[in-house]
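Below are the chains, spelled out letter by letter.
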Amino acid sequence: IKQKKRHMGDTKHFCPVSLKENFILYPGLQEHAVKYKEKIYYFSTSDNRDKFLKNPEDYVAHKEPLQAPPLRVCLLGIHGAGKSTCARLIADKLGIFHIQFEEYLQELILPKTKKKVEPSSNEDRDDDDYKIPEELEDLSQTTTKPETEKSEQEVELTDDEVAIKANLMDNLELPPKVLDNIVPDWWKKEPFRSTGFILDGFPRTADEANYLSEQGLCPDVAVYIQVEEHDILDRLLPLRLNKWKDRQHKKMEHKKMLKELKAKKRV
């Protein structure tokens, strides 16, 4: 028995309501399908299906085909896999934005922290925070107490900023309310809405992936870069070694300075 050819709607298997209202290609489900003017339309939710049935002409093409949204890509991979390098090349090639998720988080709190937040497990932090001993504080103090108190007040973080700092330092998951203020804008607001983007390093966990799904924020492509462990070691170890050498040099210079300060104090 010859089956009749199925005539799909203007958006094929994507939800026309999500496309119209949010400019997002969200796959529809067969259980929410309806037939309109001999064409079949699929919807992501029953609510979207009901919206379509009330005013179908608002969601179908008329004189011109419906405009598809720009390309949205999620690029995933472990640290050192080369995500940012690949993302920059792809963004330049396709003319879309490159969003490095961790760098974006750093920029949100940088006005208050004044420097990048390092992971709490980073062994460099102890040396970076190396301070002059207490017996030499009288030689190194340059600010008054009121100024110190003022600076401490200026670095007071909001609840959202505290959550972002905890994520950067201890890899604690960002709560949905923080993600609500960050992620949807890349899909729904300009200039990202009409240009497209490659999102580097998000989602990182199953909960973050579920967040995108629950919000209806579907990437067109998700790419995972898989790299062998020895390749990552060959790539990152020389950089870490050079950083360690620079840190040791800085520490020796600091000790030399402390020695000179002690000599001045004795005089």
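These numbers were taken from a predicted model, which means no experiment stands behind them.

A.B. asks: Could you give an account of the nonpolar core, with specific residues and numbers?
C.D. replies: Membership of the largest hydrophobic core comes to 27 residues, with the highest contact counts inside it found for Val-183, Trp-186, Trp-187 and Leu-199. For this core, the secondary structure elements donating two or more residues are helix 4 (101-113), helix 8 (159-170), helix 9 (176-180), helix 10 (184-188), strand 5 (197-200) and helix 12 (206-215). Broken down by element, the residue count for this core peaks at 4 residues, all from helix 8. Residues in contact with Val-183, not counting those within four places in the same chain, are Phe-202, Tyr-211, Leu-212 and Leu-217.

A.B. asks: I'd love a proper account of the packing of helix 4 against helix 8, names of residues and values included.
C.D. replies: Following both chains from N to C, one finds helix 4 and helix 8 inclined at 130°, their axes separated by 10 Å at the closest point. With respect to each other, helix 4 and helix 8 are oriented oblique. Where helix 4 crosses over helix 8, the two elements pack in a sense that is left-handed. Between helix 4 and helix 8, the residues in contact are Glu-102, Leu-105, Gln-106, Leu-108, Ile-109 and Lys-112 and Glu-161, Ile-164, Lys-165, Asn-167 and Leu-168, respectively. In terms of residue class, the contact of helix 4 with helix 8 is made up of 5 nonpolar, 2 polar and 4 charged.

A.B. asks: Account for the pairing of strand 3 (residues 72-77), with residues named and values stated.
C.D. replies: As paired strands, strand 3 and strand 5 are joined by 4 bridges and run parallel to one another. Across the sheet, the residue bridging to Cys-74 is Leu-199, located in strand 5. Pairing geometry for strand 3 and strand 6 (residues 221-225), over 5 bridges, is parallel. For Val-73, the partnering residue across the bridge sits in strand 6 and is Val-221.

Calculation criteria
Per chain, the residues get numbers from 1 upward, laid out in the order the sequence is written. In keeping with the predicted nature of the model, local features appear solely for residues at pLDDT of at least 70, side-chain atom pairs appear and are counted solely at 80 or more, and the whole-chain, interface and lining totals rest on all residues. Computation of side-chain values: all heavy atoms of the structure, hydrogens and water removed. In these notes, a set of buried Ala, Val, Leu, Ile, Met, Phe, Trp, Tyr and Cys residues joined through side-chain atoms within 4.5 Å is what counts as a nonpolar core. Between buried and exposed lies partly exposed: a residue is buried under 20% and exposed over 50% of the maximum accessible area for its type, with that area taken using a 1.4 Å probe on protein chains only. Each helix is a run of DSSP H or I of at least 4 residues and each strand a run of E of at least 2, with the numbering of both proceeding from the N terminus. Note on contacts: a residue pair qualifies if any of its non-hydrogen atoms lie within 4.5 Å across the two residues. Axes here refer to lines fitted to C-alpha atoms; in helices the fit is confined to the stretch in contact. Angles between the N-to-C directions go from 0 to 180 degrees. Should an angle fall under 35 degrees it is called roughly parallel, over 145 degrees roughly antiparallel, and 65 to 115 degrees roughly perpendicular, with every other angle called oblique. Handedness of a crossing is defined here by the sense of rotation of the near helix relative to the far one, left-handed for an anticlockwise turn of less than a right angle and right-handed for a clockwise turn. Each residue is assigned to one class: nonpolar for Ala, Val, Leu, Ile, Met, Phe, Trp, Tyr, Cys and Pro, charged for Asp, Glu, Lys and Arg, and polar for all the others, Gly among them. Each pair of strands is called paired provided DSSP finds at least two bridges between the two strands.

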